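# A look at the structure
These are the residues of each chain, in order.
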Amino acid sequence: ACSLVASAAGHETVAAADDTIKHPGDHPKYSVEVEPHALWGWTHYDYALNDGLGLGARFSIPIVDNGFISSINNNVAIGFGLDWLHYSGGCYAYNYGGRYGGPCYDVGDANLVFIPVVMQWNFFVAQHWSVFGEPGLVIYHGWFDYCAGAPPGFNNCANPSSTGVDFAFYAGGRYHFNDHVALVLRIGYPTFSFGVSFM
């Protein structure tokens, strides 16, 4: 009987801990979140013909402590960052001035810098877990070593750069070790990331 009571009490404690989402304001209080991370760029920009790998950082500043829904445990932050990705070279077709089909040569590597600016909506769903969505924009600039493997005498070659603005959307989650340190996984467009958050 005692073991049954102890087991029931344990389950009740776990249930209470997982009830965090129903307690507005029961989340870490911080003025800025700093998140260094590793990146995978699965979206190919301009002459970046293969996937990219890189490093970056995100900074998120809470602007609404109780979020848009006052009855649940959430907050809203403005996030911005600086990411660098290195893309390996690929094959560029040069027959008829086209890019696809026919003979090709190996282009060199590409490097892109991304500056994401997002609205981050956080939901603190359990004692150690939070999830978020991030709609926004990303400004990017790339440098492309386009002529690295151009065949001799090929005169239709240049090493371009490119700047643009794209939409961005991410979704992710954190595992909170405590109120100040968490692991963060972010998936979305145009990159995936995995890092550590310091609050």
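Every value quoted in this text rests on a predicted model; they were computed, and no experiment measured them. (Residues numbered from 1 in each chain as written. Predicted model: local features only at pLDDT ≥ 70, side-chain atom pairs only at ≥ 80, totals over all residues. Heavy atoms only, no water.)

## Details of the overall build of the protein chain
Under the convention used in this document: Secondary structure elements follow DSSP: runs of H or I no shorter than four residues count as helices, runs of E no shorter than two count as strands, and numbering proceeds from the N terminus. Relative accessibility under 20% of the residue-type maximum defines a buried residue, over 50% an exposed one, and the middle range a partly exposed one, all with a 1.4 Å probe and only protein chains included. We call two residues in contact when some of their heavy atoms are within 4.5 Å. Accessible surface is estimated by sampling points in the Shrake-Rupley manner with a 1.4 Å probe; for residues, cover comes only from the protein chains shown.
Broken down by element type, the protein chain carries 1 helix and 10 strands. Tracing the protein chain from N to C terminus, the helices and strands come up as α-β-β-β-β-β-β-β-β-β-β. The buried share of the protein chain, taken over its 199 residues, is 37%. Long-range pairs, those at least 24 residues apart, make up 61% of the contacts in the protein chain with a sequence separation of at least 6. Approximately 10400 Å² of the protein chain is accessible, and the part contributed by carbon and sulfur atoms is 67%.

## Focus on the sheet that holds strand β2 (residues 52-64)
The test is simple: Pairing between strands requires that DSSP locate at least two bridges from one strand to the other. Here, axes are lines fitted to C-alpha atoms. For helices the fit covers the stretch in contact, and angles between N-to-C directions go from 0 to 180 degrees.
Read once around its circumference, the closed barrel built from 8 strands follows the order β1-β2-β3-β6-β7-β8-β9-β10, with strand pairing classed as antiparallel. On average, adjacent strands in this sheet sit at an angle of 25° to one another, irrespective of strand direction.

## Some words on the nonpolar core
Within soluble globular proteins, side chains that are nonpolar generally end up buried alongside one another. Let me state the cut-off plainly: Residues enter a nonpolar core if they are buried and are Ala, Val, Leu, Ile, Met, Phe, Trp, Tyr or Cys, with the set joined through side-chain atoms within 4.5 Å.
By size, the foremost hydrophobic cluster in this structure holds 13 residues, and its most contacted members are Tyr45, Tyr87, Leu112 and Phe114. Contributing elements (two or more residues each) for this core: β3 (74-87), β6 (110-124), β7 (129-144) and β8 (161-176). Ranked by the residues each element gives to this core, the list is headed by β6, at 4 residues.

## Description of the packing of aromatic side chains
What characterises a pair of aromatic rings is the spacing of the ring centres plus the angle enclosed by the ring planes. How we decide: Only the six-membered ring of Trp is used, alongside the rings of Phe and Tyr, when aromatic pairs are assigned; centres must lie within 6.5 Å, and planes under 30 degrees apart are stacked while those over 60 apart are edge-to-face, with the rest tilted. The rule is short: NZ of Lys or CZ of Arg within 6 Å of the ring centre and within 35 degrees of the ring normal puts a charge over the ring.
In total, this model carries 10 aromatic pairs according to the counting rule given. Ring centres of Trp121 and Phe123 lie 4.8 Å apart, and the angle between their planes is 40°; on these two criteria the pair is classed as tilted. Consider the rings of Phe167 and Tyr189, whose centres lie 4.9 Å apart with planes at 15°: the pair is stacked. With Phe167 in strand β8 and Tyr189 in strand β9 (residues 181-189), this residue pair connects regions lying 22 residues apart in the sequence. Exposure remark for Tyr189: the relative accessible area of 22% places this residue in the partly exposed category. Grouping aromatic residues by their ring pairs yields a cluster made of Trp40, Trp42, Phe167, Tyr189 and Phe192. Sitting over the ring of Tyr170, Arg58 keeps its end group 5.3 Å from the ring centre.

## Structural notes on the environment of Phe198
Examined against the element boundaries, Phe198 turns out to sit in strand β10 (residues 191-198). Taking C-alpha positions, Phe198 is 6.2 Å from Glu35, a pair spaced 163 residues apart along the chain. Beyond its immediate sequence surroundings of up to four residues, Phe198 is in contact with Val32, Glu33, Val34, Pro36, His180 and Val181.

## Remarks on the pairing of strand β1 (residues 33-41)
Residues of β1 alternate between two faces, with Glu33, Glu35, His37, Leu39 and Gly41 buried on one and Val34, Pro36, Ala38 and Trp40 left unburied on the opposite face. Of the pairings in the sheet, the one linking β1 to β2 comprises 9 bridges and is antiparallel in character. Bridging across to β2, Glu33 finds its partner in Ser60. Both β1 and β10 contribute to a ladder of 6 bridges, which runs antiparallel. By the bridge assignment, Ala38 is partnered in β10 with Phe194.

## Some details on the layout of surface pockets
Put simply, the rule reads: In this analysis, the protein atoms alone were mapped onto a 1 Å grid. Cavities are point sets where a 1.4 Å probe fits without being able to get out; pockets are open sets with protein on both sides within 12 Å along at least five of seven lines; lining residues have an atom within 4 Å of a point. Grid points are joined across faces, edges and corners, and a volume is the space filled by probe spheres set on the points. Ten residues, namely Ala, Val, Leu, Ile, Met, Phe, Trp, Tyr, Cys and Pro, are considered nonpolar, four, namely Asp, Glu, Lys and Arg, are considered charged, and the remaining ones, Gly among them, are considered polar.
There is about 220 Å³ of room inside the largest pocket. As for the largest pocket, its lining consists of 14 residues, of which Asp26, Pro28, Ala126, Gln127 and Asp179 are closest to the centre. Residue composition of the lining of the largest pocket, by class: 5 nonpolar, 7 polar and 2 charged.

## Some words on the pairing of β9
The two faces of β9 differ: Ala182, Val184, Arg186 and Gly188 on one face are buried, but Val181, Leu183, Leu185, Ile187 and Tyr189 on the other face are not. By the bridge criterion, 8 bridges tie β8 to β9 in an arrangement that is antiparallel. Paired with Phe169 across the two strands is Tyr189, which belongs to β9. Sheet analysis places β9 next to β10, joined by 6 bridges and oriented antiparallel.

## Section: the pattern of salt bridges
Definition in use: By definition, a salt bridge exists where a carboxyl oxygen of Asp or Glu is found within 4 Å of a side-chain nitrogen of Lys or Arg.
In the structure shown here, the tally under the stated rule is 5 salt bridges. In this structure, the salt-bridge partner of Lys22 is Asp19, at a minimum N-O distance of 3.8 Å. Glu134 is paired through a salt bridge with Arg58; the nearest N and O atoms lie 3.1 Å apart. Of this pair, Glu134 sits in strand β7 while Arg58 is found in strand β2, placing the two residues 76 residues apart along the sequence. Arg58 shares its class with Glu134; the two are buried. Connected through shared salt-bridge partners, Glu35, Arg58, Glu134 and Arg186 make up one network.

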